[in-house]
Amino acid sequence: MRKVAIACQGGGSQTAFTAGVLRALFENGATREYEVVSLSGTSGGAICAALAWYGLLTQAAGDPTPIPERLLAF
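Note on numbering: residues in each chain are counted from 1, in written sequence order. Local features in this predicted model are restricted to residues of pLDDT 70 or higher, and side-chain atom pairs are both shown and tallied only at a pLDDT of 80 or more, whereas totals for entire chains, interfaces and linings draw on every residue. Computation of side-chain values covers all heavy atoms of the structure but excludes hydrogens and water.

Asker: Help me understand the pattern of salt bridges, please; the structure alone is not making it clear to me.
Answerer: Here, a salt bridge means any Lys or Arg side-chain nitrogen found within 4 Å of an Asp or Glu carboxyl oxygen. Summed over all chains, the structure comprises 2 salt bridges. We note a salt bridge from glutamate 27 to arginine 23, for which the minimum N-O separation is 3.1 Å. Here arginine 23 and glutamate 27 lie together in helix 1 (residues 13-27), a separation of 4 residues that amounts to about one turn. With a closest N to O distance of 2.8 Å, aspartate 63 and arginine 70 form a salt bridge. Owing to a relative accessible area of 27%, aspartate 63 belongs among the partly exposed residues under this scheme. Comment: elements are numbered from the N terminus, with helices defined as DSSP H or I runs of at least four residues and strands as E runs of at least two. The buried label goes to any residue with under 20% of its type's maximum accessible area, the exposed label to any with over 50%, and the partly exposed label to all in between, with areas taken from a 1.4 Å probe on protein chains only.

In structure tokens form, the structure reads like this:
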């Protein structure tokens, strides 16, 4: 499995774009093809990255809540 690190841009409407891209990645099964080894960001992008990372950690522990749902709730 290929490893990937994701950096998320922040700043107003760019944060909404970042959340949308992360949502699309996780909805379309990116974690089946890639191992996400790092998520980072600036400003609102950091919040999106934290939500996605938290989602990955809790899913690994058995929580079925989809990551896109966490991003949309934010």
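Asker: Teacher, can you tell me more about the side chain of threonine 58 here?
Answerer: By the element assignment, threonine 58 lies in helix 3 (residues 44-60). By definition in these notes, contact holds between two residues if any of their heavy atoms fall within 4.5 Å. When near neighbours in sequence (up to four residues on either side) are disregarded, threonine 58 contacts Asp63 and Arg70.

Asker: Explain the packing of helix 1 against helix 3 to me, please; I cannot follow it from the model alone.
Answerer: The relative placement of two packed helices comes down to the angle between their axes together with the axis-to-axis distance. Helix axes are fitted only over the stretch in contact, all axes being lines through C-alpha atoms; the angle between N-to-C directions runs from 0 to 180 degrees. At a minimum axis distance of 8 Å, the contact between helix 1 and helix 3 shows a crossing angle of 20°. By the criterion of interaxial angle, the relationship of helix 1 to helix 3 is roughly parallel. For the crossing formed where helix 1 meets helix 3, the hand is right-handed. For the pair helix 1 and helix 3, the contacting residues are Thr15, Thr18, Ala19, Leu22 and Phe26 in the first and Gly44, Gly45, Cys48, Ala49, Ala52 and Leu56 in the second. By the convention adopted, Pro, Cys, Tyr, Trp, Phe, Met, Ile, Leu, Val and Ala count as nonpolar, Lys, Arg, Asp and Glu as charged, and the other residues, Gly among them, as polar. Here the residues of the contact of helix 1 with helix 3 sort into 7 nonpolar, 4 polar and no charged. Our angle categories are set so that under 35 degrees counts as roughly parallel, over 145 as roughly antiparallel, 65 to 115 as roughly perpendicular, and the remainder as oblique. Left-handed is the label given to a crossing in which the near helix is rotated counterclockwise from the far helix by less than a right angle, and right-handed is the label when the rotation is clockwise.

Asker: Mind showing me how you'd approach the state of the cysteines here?
Answerer: Put plainly, a disulfide is one covalent bond tying together the sulfur atoms of two cysteines. Two cysteine sulfur atoms make up a disulfide if the distance between them is within 2.5 Å. Applying the stated criterion to the full structure yields 0 disulfides. The closest cysteine sulfur to the non-disulfide-bonded cysteine 8 is located on cysteine 48, 6.4 Å from its own sulfur. Residue classification places cysteine 8 among the buried residues on the basis of a relative accessible area of 5%. By relative accessible area, which is 0% here, cysteine 48 ends up buried.

Asker: For this particular structure, what's the right way to read helix 3?
Answerer: For an α-helix the count is 3.6 residues per turn, leaving residues at separations of three or four pointing the same way. Expected span of a helix: the number of residues minus one, times 1.5 Å. Between its terminal C-alpha atoms helix 3 stretches 25 Å, which fits the 24 Å expected from 17 residues at 1.5 Å a residue. Buried residues of helix 3: Gly44, Gly45, Cys48, Ala49, Ala52, Gly55, Leu56 and Thr58, and no others. As for helix 3, its buried residues are in contact with strand 1 (2-8), helix 1, helix 2 (30-33), strand 2 (34-41) and helix 4 (67-73). Remark: glycine 62 follows helix 3 within two positions and exhibits a positive phi of approximately 105°.

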